[in-house]
Amino acid sequence: MPDYKLLKDQLKAFLDTDPFYVPAMSNASALLWEALPDINWAGFYIVRGDRLVLGPFQGKPACIHINRGKGVCGTAWAEDAVQLVPDVHEFPGHIACDSASRSEIVVPLHDAGKNVAGVLDIDSPLLARFTEEDRAGLVQFAKELEARIYW
Ligand code: SME
């Protein structure tokens, strides 16, 4: 289990230096990529108009646009709810950017008005890779990020 307290402290240090979304999300995805075992993608999608656009990430090149309500990321946005998906093949409309992905967690990020402004997306090649502890740690990580970041 990664040390989510340490990860949040590391994120805070990056945000103290510059909370602009490009360096903040870039280093946030790098922190997660280094700390979480058995993942094949970690990064962000940002709300732009009526769809999500690819943001900073670690992993293979990924889909650039995702419509609201589509796939796991678009569903997290539309429902404003964390999506913890143990088997992506069972998720209706899952968008397979990388056919190796088997499980996934997506956490919404909010702007100051509490609207969803982006999502954190982490994928794994293992079935049921993400636990309730991961959910809790990543929600705290996302809260720190959304509270400090500027878009
Ligand atoms: N699997 C995602 C698409 C994004 S990639 O995994 C990076 C989805 O269904 O939302």
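Here, every reference points to the structure presented above.
These notes cover the structure that comes with them. Keep in mind that what you see is a predicted model, and the values were worked out from it rather than measured.

## Regarding the nonpolar core
Link 1 in the chain: One finds Leu-32, Leu-120, Ile-122, Leu-138, Phe-141 and Leu-145 to be the most contacted residues of the largest nonpolar core, which totals 26 residues.
Link 2 in the chain: The element best represented in this core is helix α2 (residues 21–35), accounting for five residues.
Link 3 in the chain: Sequence-distant contacts of Leu-145, defined by excluding residues within four places in its chain, comprise Leu-11, Leu-15, Ala-24, Phe-44 and Leu-109.
Link 4 in the chain: Judged by nonpolar contacts, the second largest core, of 16 residues, contains Ile-66, Val-85, Phe-91 and Val-106.

## A closer look at the site of the ligand
Link 1 in the chain: Close to the ligand lie 13 residues, the nearest being Val-72, Cys-73, Ile-95, Glu-104 and Asp-123.
Link 2 in the chain: Cys-73 places a polar main-chain atom, nitrogen or oxygen, 2.7 Å from an oxygen atom of the ligand.
Link 3 in the chain: Asp-123 has a polar side-chain atom sitting 2.6 Å from an oxygen atom of the ligand.
Link 4 in the chain: Relative to its free-state accessible area of 300 Å², the ligand is covered by the protein chains to the extent of 99%.
Link 5 in the chain: Top element by residues in the shell around the ligand is helix α3 (residues 71–79). It accounts for three residues.

## Things to note about the sheet that holds strand β2 (residues 51–59)
Link 1 in the chain: One open sheet holds the six strands; their spatial order is β3-β2-β1-β6-β5-β4, and the pairing between them is antiparallel. This sheet does not close on itself; its edge strands, each paired only once, are β3 (65–67) and β4 (83–85). Between one strand and the next, the sheet's axes are offset by a mean angle of 25 degrees, whatever the strand orientation.
Link 2 in the chain: Judged from the six bridges that link them, strand β1 (residues 41–48) and strand β6 (residues 116–124) form a sheet pairing that is antiparallel. Bridge pairing in β6 places Tyr-45 opposite Val-119.
Link 3 in the chain: The sheet contacts of α2 involve β1, β2, β5 (103–110) and β6, and relative to β1 the element is tilted by about 150 degrees.
Link 4 in the chain: In the packing of helix α4 (residues 132–148) onto the sheet, the strands contacted are β1, β4, β5 and β6, and the crossing angle to β5 comes to about 30 degrees.

## Overview of α4
Link 1 in the chain: Between the first and last C-alpha of α4 there are 25 Å, a value that for 17 residues agrees with the 24 Å anticipated at 1.5 Å per step.
Link 2 in the chain: Within α4, burial applies to Asp-134, Gly-137, Leu-138, Phe-141, Ala-142, Glu-144, Leu-145 and Glu-146.
Link 3 in the chain: Here the buried face of α4 lies against α1 (4–17), α2, β1, β5 and β6.
Link 4 in the chain: In this structure Thr-131 caps α4, since a side-chain oxygen of it lies 3.2 Å from the backbone nitrogen of Glu-133.

## Here's the deal with the pairing of β1
Link 1 in the chain: With six of eight residues buried, β1 is to be regarded as a mostly interior element.
Link 2 in the chain: Summarising the sheet, β1 and β2 pair through seven bridges and their orientation is antiparallel. Bridged to Val-47 within β2 is Leu-52.
Link 3 in the chain: Hairpin connection, β1 to β2: the antiparallel pair is bridged by two residues, and Gly-49 has positive phi, about 70 degrees.

## Some words on the state of the cysteines
By definition, a disulfide links two cysteine residues through a covalent bond between their sulfur atoms.
Link 1 in the chain: Going through the model one piece at a time under the given rule, you end up with one disulfide.
Link 2 in the chain: Paired through a disulfide, Cys-63 and Cys-97 show a sulfur-sulfur distance of 2.1 Å. The sign of the S-S torsion, about -125 degrees, decides the handedness of the disulfide formed by Cys-63 and Cys-97: left-handed. Of this pair, Cys-63 sits in the loop between β2 and β3 while Cys-97 sits in the loop between β4 and β5; the two residues are 34 residues apart in sequence, bridging distant segments of the chain.
Link 3 in the chain: Free of any disulfide, Cys-73 has its nearest cysteine sulfur in Cys-97, 7.8 Å distant.

Thresholds, definitions, all that
- Residues numbered from 1 in each chain as written.
- Predicted model: local features only at pLDDT ≥ 70, side-chain atom pairs only at ≥ 80, totals over all residues.
- Heavy atoms only, no water.
- Core = buried A, V, L, I, M, F, W, Y, C linked by side-chain atoms within 4.5 Å.
- Buried < 20%, exposed > 50% of the residue type's maximum accessible area, 1.4 Å probe, protein only.
- Helix = DSSP H or I, 4+ residues; strand = E, 2+ residues; numbered from the N terminus.
- Contact = heavy atoms within 4.5 Å.
- Near = heavy atom within 4 Å.
- Polar contact = N/O pair within 3.5 Å; in protein donor to acceptor, adjacent residues only side chain to side chain.
- Areas by Shrake-Rupley, 256 points an atom, 1.4 Å probe, with all protein chains shown as cover.
- Pairing = 2+ DSSP bridges.
- Axes fitted to C-alpha atoms, helices over the stretch in contact; angles between N-to-C directions.
- Expected span 1.5 Å × (residues − 1).
- Disulfide = S-S within 2.5 Å.

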